[in-house]
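These are the residues of each chain, in order.
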Amino acid sequence: MASLIPPQAPPRWNHTPEEVLSITKQALAQNKAVSDKVAAVPETECNFETLPLANAEAEVLIICEPLGFYQNVSISKELRDASNQAEALQRDFDVEESMRPDVFKAKAAAEKNLRKSGAWEKLSDEQRRLVEKMVLDGKRAGLALPEEEREVLMKLKKELSQACLDFSKNFNEENGYISFTLEELDGVPGDVVSGYTTRTEGSKKVYDITFKTPDIFPIFKFAHNPATRRSAQEGYEDRLKQNVPLLEKALDLRRRIAAMLGYDTWADYITEVKMVKSGKNAEDFLDNLEAKLRPVGEKERKILLQLKKEEHEKRGLPFDGEFYIWDYRYYDRVYVEKTLNLDESLVKEYFPVSVVVPTILKIYQDLLGVKFIEIKDDNKDVWHPVFALEVQQFAVWEKDAKNESAFVGYCYLDLFPRSAKYSHAAVWGLLPGYELPLGKRHYPLTAMVANLAKPTPERPALMRHDDVTTFFHEMGHVFHGLLSRTRYARFHGTSVARDFVEAPSQMLENWCWEPKVLEKMSSHYKTQEPLSPDLIDKMIKSRYVNVGLFYLRQLFFAKFDLKVHVDKEAADYTKLWNDLRESISLVKGGKAQPGQGTFGHIVGGYDAGYYGYTYSLVFAADMYATVFKKDPLNPALGKLYRDKILLVGGSRDETDSLEDFLGRSPNSDAFLEEIFGKATTASL
């Protein structure tokens, strides 16, 4: 198989900043030329063949998506800036194209002619869906408005796009840190501390902790001194205060745009094309879940507060009877250690990156019937040669590939933190898959960006179990992007309703709690022994510990997101952020910090959509319990999942895909059983 040559070359990553902008402009001009030709077709002649818009849009994506990706991963500020400017050009162009009444008239005429002539019934389901979606796009873009209002609307949309881009740029390039002495870091594992940068401040040696997850989260979970945790929490929440006015601007623009388009709220506009269908339905879902979770969370909070009281008495610290945001992760860990005798630091020793990553890749390959072939040496080409060893490049094939027809696509993994890199974990579908003329295909490319802990002087790179679960989750998105096989790029891979897109990956997180999977992907970095059955049992029991507080925290994010997109007037969003967190998450804050400036989802495509993380869990739990639970590593079940969920992408309604996979309509039974039937009762 290694001798097989992919039928499509991977993209090159050697662009200069000037090329990024010039190539983007050229691609947009070519796309505009196609639109101009479509607009010139007489309405009576408009049909499916005369409107080559779907593939023209795909051709722009193929060129522009990789160029816009540099801003998330490049070590060159000039290249990142050019990439950001290129995305701004593309977004503005998209706004302009979406609001062309001449192109919309051609789309609407094509649909009318197809239906009138009888050709509509001869189209495939995916072709009809494409036409309907394109026409709906025009209606939602405001093309029914008078020309003068359309001009105003276009201006507002461009301003909104730029505000979101600026917010994301600040998010990616944040490079702040907070400093502590070794005494203040008491309790933080030594291998973590050894990885911090040190310097001398006056006569003291201090440790600089960045706000990247591998650095700052151990402070929240392990630092004994509550003042250290508080300082770390407040610094973490304050790190992007420059985003506050950008968010305020974005929210104001969204309110104005929604009103111009005739929607009561931005939430109604966004949810209209999602599974939930309306802002009110999303609110009802969150309210009902909060009502069920609150009694569970209150019991858990009471127990953790008791743990805090006991520890403060033991350490001679004052106790004011309050449970703060900087107490949550710390006492959640203490509770697990005390009730289950489960030491997170010990568990981490069984998950070296060098073992976990290839093992998870193998699990996916075996389950879904594909093969990853790493591209190395002179054939390898990634976005920063200086850090080339940190990025892996793969060609993906069907497992029994004999010729180029079995090629699947490309995958890149960029897993370790560095300056100015995107600071969380996410997957980008950089190239879509779709049909080309003469029976050929364009193949997809997916790239995962993560921030796993690097090796320290004392230990190799190790992963917390949370990191393992996150990696498994993100690989679910990778395979959604690779194994979709739709006719049109518009429906490829994760191009599904936003409140369903997380469901496949959330379902796959369950593998990280299965005994035989945990044994398979664990190997102690010293002894190479897998996790023992006893340790695995303790880990599984810990899954639903403090589940009420965990999901109430998720509901806080979702309710903040929904409220700011339902309210008709602006508010003090820093106050709202802190007040909602206290009332919903059941944790007090200290000094009110502008945490909303760190909420990247709200400008990154999840506006009025964060509820979807919890909403999609209903489908994830149903899929896992119904199909995979009995035998999660069975390739036959993997093929069913591949054929019924991944293959179709967004080419049909998500409910249809679920019913096809489950053999019935989806329901919430498994989710409610998972959360409330298995919730561990807090007791000591």
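Below you will find a few notes about this structure. (Residues numbered from 1 in each chain as written. Predicted model: local features only at pLDDT ≥ 70, side-chain atom pairs only at ≥ 80, totals over all residues. Heavy atoms only, no water.)

Structural notes on the environment of Gln 506
- Note on placement: Gln 506 falls in helix H17 (residues 503-508).
- On a C-alpha basis, the gap between Gln 506 and Val 618 in space is 9.7 Å, while along the polypeptide they are 112 residues apart.
- The residues contacting Gln 506, other than those within four sequence positions of it, are His 473, Tyr 613, Ser 616, Leu 617 and Ala 620.
- A distance of 3.3 Å separates a polar atom in the side chain of Gln 506 from the backbone nitrogen of Leu 617. (Helix = DSSP H or I, 4+ residues; strand = E, 2+ residues; numbered from the N terminus. Contact = heavy atoms within 4.5 Å. Polar contact = N/O pair within 3.5 Å; in protein donor to acceptor, adjacent residues only side chain to side chain.)

What about the packing of aromatic side chains?
- Under the definition given, this model contains 46 aromatic pairs.
- Taken together, a centroid distance of 4.8 Å and an interplanar angle of 35° make the contact between Tyr 364 and Phe 472 tilted. Of this pair, Tyr 364 sits in helix H15 (residues 353-368) while Phe 472 sits in helix H16 (residues 465-483), placing them 108 residues apart in sequence.
- Overall, the relative accessible area of 1% leaves Tyr 364 in the buried class.
- Through a chain of ring-to-ring contacts, the aromatic side chains of Trp 13, Phe 69, Tyr 70, Phe 171, Trp 383, Tyr 412, Tyr 422 and Trp 428 assemble into a single cluster.
- Here the guanidinium or amino end of Arg 115 rests over the ring plane of Trp 120, the centre of that ring lying 3.9 Å away.
- Between the NZ or CZ atom of Arg 333 and the centre of the ring of Tyr 330, over which it lies, the distance is 4.9 Å. (Phe/Tyr/Trp six-rings, centres within 6.5 Å; stacked < 30°, edge-to-face > 60°. Buried < 20%, exposed > 50% of the residue type's maximum accessible area, 1.4 Å probe, protein only. Lys NZ or Arg CZ within 6 Å of the ring centre and 35° of its normal.)

Remarks on the pattern of salt bridges
- Scanning the model with the defined rule gives 60 salt bridges in all.
- A salt bridge links Arg 80 to Glu 173; the nearest nitrogen and oxygen atoms lie 2.9 Å apart. Pair noted here: Arg 80 is in helix H3 (residues 77-98) and Glu 173 is in helix H6 (residues 147-173), with a separation of 93 residues, a long-range link.
- The class of Arg 80 is buried, set by a relative accessible area of 8%.
- Among the salt bridges present, the one from Lys 541 reaches Asp 537, with a minimum N-O distance of 3.2 Å. (Salt bridge = Lys/Arg side-chain N within 4 Å of Asp/Glu carboxyl O.)

Side note on the environment of Asn 281
- Relative to the helices and strands, Asn 281 resides in helix H12 (residues 279-315).
- With 126 residues separating them along the chain, Asn 281 and Lys 155 place their C-alpha atoms 31 Å apart.
- Of note is the side chain of Asn 281, whose polar atom sits 2.9 Å from the backbone oxygen of Val 276.

Structural notes on H15
- The end-to-end C-alpha separation of H15 is 22 Å, in line with the 22 Å expected for 16 residues at 1.5 Å each.
- Along H15, the positions that sit buried rather than exposed are Val 353, Val 356, Val 357, Thr 359, Ile 360, Leu 361, Ile 363, Tyr 364, Gln 365, Leu 367 and Leu 368.
- Where H15 ends, the next residue or the one after it, Gly 369, has phi of about 75°, a positive value. (Expected span 1.5 Å × (residues − 1).)

With respect to the environment of Lys 25
- Looking at where Lys 25 falls in the secondary structure, it is placed in helix H1 (residues 17-39).
- Under the relative-accessibility criterion, Lys 25 is labelled exposed at 51%.
- Here the alpha-carbon distance between Lys 25 and Thr 446, two residues 421 residues apart in the chain, equals 24 Å.

Overview of the nonpolar core
- Phe 351, Phe 372, Leu 413, Met 475, Trp 511 and Phe 628 are the most contacted members of the largest nonpolar core, which has 149 residues in total.
- Among residues more than four places away in sequence, those in contact with Trp 511 are Ile 363, Leu 367, Phe 472, Val 517, Tyr 624, Phe 628, Pro 632 and Leu 633.
- Formed by 32 residues, the second largest nonpolar core is a distinct cluster that contains Ala 82, Ala 395, Ala 401 and Tyr 443. (Core = buried A, V, L, I, M, F, W, Y, C linked by side-chain atoms within 4.5 Å.)

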